[in-house]
Amino acid sequence: QVQLVQSGGGLVQAGGSLRLSCAASGYIVSSKTMYWYRQAPGKQRELVAAIVSGGTPTYEDSVEGRFTISRDNAKNTVYLQMNSLKPEDTAVYYCNVKFRDVASWGQGTQVTVSS
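Everything quoted here is computed from the prediction, not taken from an experiment. (Residues numbered from 1 in each chain as written. Predicted model: local features only at pLDDT ≥ 70, side-chain atom pairs only at ≥ 80, totals over all residues. Heavy atoms only, no water.)

(A) Representation of the sheet that holds strand β8 (residues 77-82) within the structure. Taken together, four strands build an open sheet; the order of strands is β1-β3-β8-β7 and the sheet is antiparallel. Bordering the open sheet on either side are β1 (3-7) and β7 (67-72), each of which pairs with just one other strand. The mean inter-strand angle of the sheet, taken between neighbouring strand axes irrespective of direction, is 20°. (Pairing = 2+ DSSP bridges. Helix = DSSP H or I, 4+ residues; strand = E, 2+ residues; numbered from the N terminus. Axes fitted to C-alpha atoms, helices over the stretch in contact; angles between N-to-C directions.)

Structure below.
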């Protein structure tokens, strides 16, 4: 049974930092591409970052240089380190993994960045 359990998130001042965690069970995170998505009110869900099984990260342009996706294989956990946060980063963040055509999602965590 694949399960993704998120932690972290909360309220932070603009310019601050926050780290999101996504603890996986039922599979090995280093064997799959892992994704972080976010969805702000009134906006489409967008892909923020991904890390492939080989460890190479990719980022959406607006977070490049500010966010870092990483994983701890011993803990079977994926992280999203968010620095220099901006109000426009405010959203519900979700981790995700795909198995064939089936997507598994974390429960989501709210990130709110105040000015």
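(B) Region of the structure containing the side chain of T109. Looking at the secondary structure, you find T109 in strand β11 (residues 109-114). A polar contact is formed between the side chain of T109 and the backbone oxygen of G8, at a distance of 2.9 Å. The residues touching T109, leaving out its near neighbours within four places in the chain, are Q6, G8, G9, L20, A91, V92 and Y93. (Polar contact = N/O pair within 3.5 Å; in protein donor to acceptor, adjacent residues only side chain to side chain. Contact = heavy atoms within 4.5 Å.)

(C) Main features of the nonpolar core. Ranked by size, the top nonpolar core spans 28 residues in total, and within it M34, L80, M82 and Y93 carry the most contacts. Contributions of two or more residues to this core are made by β3 (18-25), β4 (34-39), β5 (46-51), β7, β8, β9 (91-99) and β11. Setting aside chain neighbours within four positions, we find Y93 in contact with Q6, L20, Y37, R38, V48, F67, L80, M82, G108, T109 and V111. (Core = buried A, V, L, I, M, F, W, Y, C linked by side-chain atoms within 4.5 Å. Buried < 20%, exposed > 50% of the residue type's maximum accessible area, 1.4 Å probe, protein only.)

(D) The arrangement of the state of the cysteines in detail. Inspection of every chain in the model, using the stated rule, returns one disulfide. Between the sulfur of C22 and that of C95 lies a disulfide, 2.1 Å long from S to S. Around the S-S axis, the bridge from C22 to C95 shows a dihedral of about 70° and counts as right-handed. Of the two residues, C22 sits in strand β3 while C95 sits in strand β9, which places them 73 residues apart along the sequence. For C95, a relative accessible area of 0% translates into the label buried. (Disulfide = S-S within 2.5 Å.)

(E) How the structure looks around the pattern of salt bridges. Applying the stated criterion to the full structure yields three salt bridges. With its nearest N and O atoms 3.0 Å apart, the salt bridge here joins R38 to D89. Within this pair, whereas R38 is found in strand β4, its partner D89 is found in the loop between β8 and β9, the two being separated by 51 residues in sequence. Both residues of the pair, R38 and D89, belong to the buried class. Between D89 and R66 there is a salt bridge; the shortest N-O distance is 2.8 Å. Note that D89 is positioned in the loop between β8 and β9 and R66 in the loop between β6 (57-59) and β7, a separation of 23 residues in sequence. Among the residues examined, R66 registers a relative accessible area of 10% and is labelled buried. (Salt bridge = Lys/Arg side-chain N within 4 Å of Asp/Glu carboxyl O.)

(F) Fine view of the pairing of β4. Of all six residues making up β4, five are buried, and the element is well covered by its neighbours. Relative to β5, β4 runs antiparallel, the two being bridged by five bridges. Counterpart to Y37 in the pairing with β5 is L47. Hairpin connection, β4 to β5: the antiparallel pair is bridged by six residues, and G42 has positive phi, about 75°. Two strands pair when backbone bridges link them, and β4 and β9 are joined in this way by six bridges, in the antiparallel orientation. Of the residues in β9, the one forming a bridge with M34 is V97.

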